[in-house]
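# Notes for the structure review
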Amino acid sequence: EVQLVESGGGLVPAGGSLRVSCAASGFTFDDYTIGWFRQAPGKEREGVSCINSGITYYADSVKGRFTISGDNAKNTLYLQMNNLKPEDTAVYYCAADPDVVVNSIGHCTADFGSWGQGTQVTVSS
C-alpha cells in the first residue's frame, strides 16, 4: 500500500523558513510523479510544486521562495519554504501517482492517486 506521511509543519513568522517532509513507502520513489499541494481554509486544494522525471515545477505564487526535492535513499520528499508569507498558511499535503505526467505547473493538479494526511503550516503576520 502506498503511504505518505507529512511532517514538519508549524507556526513561523512572516519572512521565516520551514521545511516540511513527506515520508513515502509502498512504492518505488523514482517511478512516481510526486508533488506538494496546499489547502487554506475555505479554499480548494491547489498545486504548489511537482517533480516529474527530475524536473521541477512551481506555482507562480511560490516561485523563487520554495524548493521541492527528494531523497531517494530516505524515500522522502521535501519542500523547503523560505520567505514565508501569511498567505502561505495552509495544510500542506504531499501526493504521488505513477501515471500523472507533469510537464507544466498546470498539470500539477489534485488528480494524484495517493495522498498524505497533511501538515499544518501557519505563518503569522
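Preceding this paragraph is the structure being described.
So, a few notes on the structure that sits alongside this text. (Residues numbered from 1 in each chain as written. Predicted model: local features only at pLDDT ≥ 70, side-chain atom pairs only at ≥ 80, totals over all residues. Heavy atoms only, no water.)

## Quick word on the packing of aromatic side chains
Any aromatic ring pair is given by two values, namely how distant the centres are and how the planes are angled relative to each other. Stated precisely, the cut-off is as follows: Aromatic rings from Phe, Tyr and Trp, with only the six-membered ring used for Trp, were paired whenever their centres fell within 6.5 Å, and each pair was classed as stacked if the ring planes differed by under 30 degrees, edge-to-face if by over 60, and tilted otherwise. Put simply, a charge is over a ring when the Lys NZ or the Arg CZ is close to the ring centre, within 6 Å, and near the line of the ring normal, within 35 degrees.
For the structure on display, the rule yields three aromatic pairs. In this structure an aromatic cluster arises from ring pairing among Phe37, Phe112 and Trp115. Positioned above the aromatic ring of Tyr93, the side-chain terminus of Arg45 is 5.7 Å from the ring centre. In this structure, Arg45 is placed above the aromatic ring of Trp115, and the distance from its NZ or CZ to the ring centre is 3.7 Å.

## What about the state of the cysteines?
Filter applied, for reference: In this description, a disulfide is simply a cysteine sulfur pair whose atoms lie within 2.5 Å. For helices the rule is a DSSP run of H or I covering at least 4 residues; for strands it is a run of E covering at least 2, with both sets numbered from the N terminus onward. Remark: exposure states derive from per-residue accessible area (1.4 Å probe, protein chains only) relative to the maximum for the residue type, with buried under 20%, exposed over 50%, and partly exposed in between.
Inspection of every chain in the model, using the stated rule, returns two disulfides. What pairs with Cys22 in a disulfide is Cys94, and their sulfur atoms sit 2.0 Å apart. Here Cys22 and Cys94 share a disulfide; its torsion about the S-S bond, 65°, makes the bridge right-handed. Taken together, the positions of Cys22 in strand S3 (residues 18-25) and Cys94 in strand S9 (residues 90-97) put the pair 72 residues apart, joining distant regions of the chain. Cys94 carries the same exposure label as Cys22, and that label is buried. The disulfide bridge from Cys50 ends at Cys108, spanning 2.0 Å between sulfur atoms. Sign of the S-S torsion, about 80° for the bond between Cys50 and Cys108, identifies this disulfide as right-handed. Residue Cys50 is located in strand S5 (residues 46-52), and its partner Cys108 is located in the loop between S9 and strand S10 (114-115); the two are separated by 58 residues in the primary sequence. By relative accessible area, which is 0% here, Cys50 ends up buried. When the bonded cysteines of the protein are numbered from the N-terminus onward, they pair as 1-3, 2-4.

## Structural notes on the environment of Ser114
The topology assignment puts Ser114 in strand S10. Classification of Ser114 as buried rests on a relative accessible area of 19%. Taking the C-alpha atoms as reference points, Ser114 and Leu4, 110 residues apart in sequence, are found 7.6 Å from one another.

## Some thoughts on unusual backbone geometry
A positive phi angle is found at Ser53, which is not glycine, with a value near 55°. Within the secondary structure, Ser53 sits in the loop between S5 and strand S6 (55-58). What makes Ser53 exposed here is its relative accessible area of 71%. For Asn75, which is not a glycine, the phi torsion comes out positive at approximately 55°. By the secondary structure assignment, Asn75 is in the loop between strand S7 (66-71) and strand S8 (76-81).

## Considerations on the side chain of Asn75
Formally: The contact rule is simple, with two residues in contact once any of their heavy atoms fall within 4.5 Å.
On the basis of relative accessible area, Asn75 is assigned to the buried category, the value being 16%. Among all residues touching Asn75, those that are not within four sequence positions of it are Cys22, Ala23, Ala24, Ser25, Phe27 and Phe29.

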